[in-house]
Amino acid sequence: MRSVLATITVASLAVTPLPGETAPQEQTGWNWNGAPADAVEQSAKQEAPPYPTKSWFPTVKPGTAANESGDIQMPPDGIAPLPPIDKELTVRRGDTFAKVLSRGGVPSPDTASAIRALKKVYDLRRLQPGTEIFLQLQPPLDRKGPARLLSIDFIADSDAEISVLRDGPESYAAKRYDRTLVPRVSYGRGVIRSSLYVAGKDAKIPSAVLANLVNLYSFDVDFQRDVHPGDSFEVMFEQLTDEAGEPVREGNIIVASMTLSGSTTTLYRFKTKSGFTDYFDENGQSAQKSLLRTPTDAARISSGFGKRMHPILGYTRMHRGIDFAAPPGTPVYAAGDGVVEKTGWVGAYGRYIRIRHTGGYQTAYAHLRHIERGIKPGARVKQRQVIGSIGASGRVTGPHLHYEVIHNGRHINPQKLRLAAGYKLKGNELEQFKASVADTKQQLLSFRTQQKRQASMLDR
Ligand SMILES: [Zn+2]
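Residues numbered from 1 in each chain as written. Predicted model: local features only at pLDDT ≥ 70, side-chain atom pairs only at ≥ 80, totals over all residues. Heavy atoms only, no water.

Visitor: What am I meant to see in the overall build of the protein here?
Guide: The number of helices and strands found in the protein is 7 helices and 22 strands. The proportion of buried residues among the 460 residues of the protein is 49%. Long-range pairs, those at least 24 residues apart, make up 64% of the contacts in the protein between residues at least 6 apart in sequence. Of the accessible surface of the protein, which amounts to about 22,300 Å², a share of 51% is contributed by carbon and sulfur atoms. (Helix = DSSP H or I, 4+ residues; strand = E, 2+ residues; numbered from the N terminus. Buried < 20%, exposed > 50% of the residue type's maximum accessible area, 1.4 Å probe, protein only. Contact = heavy atoms within 4.5 Å. Areas by Shrake-Rupley, 256 points an atom, 1.4 Å probe, with all protein chains shown as cover.)

Visitor: Can you walk me through the pattern of salt bridges in this structure?
Guide: As a working rule, side chains carrying opposite charge can pair if their charged atoms are close by. Enumeration over the complete set of coordinates arrives at 11 salt bridges. Note that R125 and D123 form a salt bridge whose closest N and O atoms lie 3.2 Å from each other. R125 sits in the exposed class, given a relative accessible area of 74%. R354 is the partner of E341 in a salt bridge, and the nearest nitrogen-oxygen pair spans 2.9 Å. Taken as a pair, E341 in strand β16 (residues 338–345) and R354 in strand β17 (residues 351–356) lie far apart in primary sequence, 13 residues in all. A residue is classified by how much of its surface remains accessible, and R354, at 22% relative accessible area, is partly exposed. Taken together, the shared-partner salt bridges in this structure form one network comprising E341, R354 and R356. (Salt bridge = Lys/Arg side-chain N within 4 Å of Asp/Glu carboxyl O.)

Visitor: Help me understand the sheet that holds strand β3 (residues 148–157) in this model?
Guide: Adjacent strands of a sheet pair through backbone hydrogen bonds, lying either parallel or antiparallel. Taken in spatial order, the 5 strands make up an open sheet running β1-β2-β3-β4-β5, and their pairing is antiparallel. The two strands at the open ends of the sheet, each matched to only one other strand, are β1 (85–90) and β5 (171–178). Ignoring which end each strand starts from, the neighbouring axes of this sheet average 20° apart. In this sheet, strand β2 (residues 132–138) lies alongside β1 in antiparallel orientation, the contact comprising 6 bridges. (Pairing = 2+ DSSP bridges. Axes fitted to C-alpha atoms, helices over the stretch in contact; angles between N-to-C directions.)

Visitor: Help me understand the coordination of the zinc ion in this model?
Guide: Where a metal carries four tetrahedral donors, each ideal angle is 109.5 degrees; where it carries six octahedral donors, the ideal angles are 90 or 180 degrees. Looking at the metal site, the zinc ion is ligated by H319 (NE2), D323 (OD) and H402 (ND1), spaced 1.9 to 2.2 Å from it. Each donor residue of the zinc ion lies on the same chain, and together they follow the pattern H-x3-D-x78-H. Taken as a pair, D323 in strand β14 (residues 322–325) and H402 in strand β21 (residues 400–407) lie far apart in primary sequence, 79 residues in all. There is no split in this pair, since D323 and H402 are both buried. (Donors = N, O, S within 2.8 Å, 3.2 Å for Na, K, Ca; no water.)

Visitor: Mind showing me how you'd approach a positive patch on the surface here?
Guide: A contiguous patch of positive charge, built from R116, K119, K120 and K271, is present on the exposed surface. Note that K119 resides in helix α4 (residues 108–119). (Patch = residues over 30% accessible without salt bridge, like charges linked within 9 Å, V, L, I, M, F, W, Y side chains within 5 Å. Lys, Arg positive; Asp, Glu negative; His and termini not counted. Charge placed at Lys NZ, Arg CZ, Asp CG, Glu CD.)

Visitor: What am I meant to see in the sheet that holds strand β7 (residues 232–241) here?
Guide: Pairing is antiparallel in the open sheet, where 5 strands are placed in the order β6-β7-β8-β9-β10. Two strands bound the open sheet, and with one partner strand each, they are β6 (182–191) and β10 (277–280). Across the sheet, the axes of successive neighbouring strands diverge by a mean angle of 25°, strand direction being ignored. Across the sheet, helix α6 (residues 207–217) lies against β7, β8 (247–260), β9 (263–271) and β10, angled at about 40° from β8, the strand it touches most.

Visitor: Can you walk me through the side chain of T259 in this structure?
Guide: With respect to the helices and strands, the residue T259 is situated in strand β8. On the basis of relative accessibility, which here comes to 6%, the residue T259 falls in the buried class. A distance of 2.8 Å separates a polar atom in the side chain of T259 from a polar atom in the side chain of T264. (Polar contact = N/O pair within 3.5 Å; in protein donor to acceptor, adjacent residues only side chain to side chain.)

Visitor: What exactly am I supposed to notice about the pairing of β8 here?
Guide: Two elements, β7 and β8, share 9 bridges in a ladder whose sense is antiparallel. For V235, the partnering residue across the bridge sits in β8 and is A256. Judged from the 6 bridges that link them, β8 and β9 form a sheet pairing that is antiparallel. Bridge pairing in β9 places M258 opposite T265. The hairpin formed by β8 and β9 contains 2 residues between the paired strands, and S261 there has a positive phi angle of roughly 45°.

Visitor: Would you take a moment to explain the confidence of the model for the protein for this structure?
Guide: The predicted coordinates of low-pLDDT regions are not to be read in fine detail. On average, residues of the protein carry a pLDDT of 77, and 74% of them reach 70 or more. No element of the protein has a lower mean pLDDT than helix α1 (residues 4–13), at 31, and none a higher one than strand β20 (residues 386–390), at 96. With pLDDT under 50 throughout, residues 1–76 is counted as low confidence; its partners more than four residues away or in other chains account for 135 contacts. (pLDDT = per-residue confidence, 0-100.)

Visitor: What am I meant to see in the nonpolar core here?
Guide: Side chains of nonpolar character tend, in soluble globular proteins, to be buried together. The biggest cluster of nonpolar side chains holds 25 residues, and the ones touching the most others in it are F97, I133, L135, L149, I152 and F154. For this core, the secondary-structure elements that each account for two or more residues are β1, α3 (97–103), α4, β2, β3, β4 (160–168) and β5. With near-sequence residues (within four places) excluded, F154 lies in contact with F97, L118, Y122, T131, E132, I133, E161 and I162. (Core = buried A, V, L, I, M, F, W, Y, C linked by side-chain atoms within 4.5 Å.)

Visitor: Explanation requested: the packing of aromatic side chains in the structure shown.
Guide: The geometry of an aromatic ring pair is captured by the separation of the ring centres together with the interplanar angle, meaning the angle of the planes. With the rule as written, the count across this model stands at 10 aromatic pairs. Between Y268 and F433, the aromatic rings sit 6.3 Å apart at their centres with planes inclined by 85°, giving edge-to-face as the arrangement. With a gap of 165 residues between them, Y268 in strand β9 and F433 in helix α7 (residues 427–459) connect regions that are remote in the sequence. No difference in accessibility class separates Y268 from F433, as the two residues are buried. (Phe/Tyr/Trp six-rings, centres within 6.5 Å; stacked < 30°, edge-to-face > 60°.)

Visitor: I would appreciate a short explanation of α6 in the present structure.
Guide: Side chains of residues three or four places apart in an α-helix project in the same direction, reflecting 3.6 residues per turn. Where α6 is concerned, the buried positions are V209, L210, L213, L216 and Y217. The arc that holds every buried residue of α6, seen down its axis, measures 120°, which confines them to one face. Along its buried surface, α6 packs onto α5 (196–202), β7, β8, β9 and β10. (Arc of directions from axis to C-beta.)

Visitor: Teacher, can you tell me more about α4 here?
Guide: Compared with an ideal rise of 1.5 Å per residue, which puts 12 residues at 16 Å, α4 spans 16 Å between its outermost C-alpha atoms and is within 8% of the ideal. Along its buried surface, α4 packs onto α3, β3, β4 and β5. (Expected span 1.5 Å × (residues − 1).)

What follows is the structure, given as structure tokens:
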């Protein structure tokens, strides 16, 4: 089946190059910073596809909603980006790691930061001649400056493989893996025709990454109602593949973008100075906005908040929560990050969990069929972590979740939750974040180019 992406690509490539745009440097083997021919041999074999033009980029003004393909907005000043480059280098006698990287065209600041990270997991003196080092580089947007280092990986010894991945504009993180696994930065985008799931599969995005994507947007998007045909998404993520190139484990999402009914929201991963990794929009506002209004899937409200006639007790009383009817066994999620305060049987509530959150909030979940193992007082939970399942324990007429939100000791209507907005980056941290966003955008541009090329090859 030909994917939607391929179709989009053909349309984009059919545009004539603009006058004044010269042929790109791919014919010279990406050799724009003095890397020797042997280092770039592999890339040089790549066939040069039709030259990309300005029309690859959105025609809408930066900062406005979205173009038809849901691109993240960024003005490239008329210069089409180049795709990421893979290089393979062999360690020679007398080489240091820094020497190898510089031979691969890695600029010295990147070399220095990558080596700083590498030292934490690897003894550099153990580098053996003959070792093959794989580099992933991102070409400069202006086609003039040096390429930036995206990742390094190599086999360190008989059972370990080492990878270094860029995790900020000037920083890298190194990890040791079982040597059969190869870390990569991967990318995919899709246009929704029937469902996000199908579009994700067509775009070859692993289901674990799709699940993360849904979690990431669950604050803003009701995936049952808000997603329509023509909506699109884009995601860049870490991935581990085996020696045959098959993905075996999915890593974190680095950046994700969703365009729903013409409006685009992009979220970037960023490690705050307190060491928390979170997702932020372009302005540095955390994606974590509030507690979930509906801490379960596929449920309908069977009883709202407020005064009502109690179905069993038969007199009017205040309903201090919301009831969600769903089949028994439907998972119940923690409405937000927090600490479990109470679990177990609580009279008419049946099996019950209460969680304490920041800002004076608590949430409670009643009539559960089961409580997930490990959900005990003192346990930390993450938002959307499964804590139990819907049941009919306690005083009920049928299976449902009774959900309460308590603020400073007072019950409030969960449907009216407009919680304290999440963390907002400020000052120096915000500046670092913005640098990181600029960096990520450049990576995205490279990956888009790569994907468009691959798609156009398939179509020929
Ligand atoms: Zn209830």
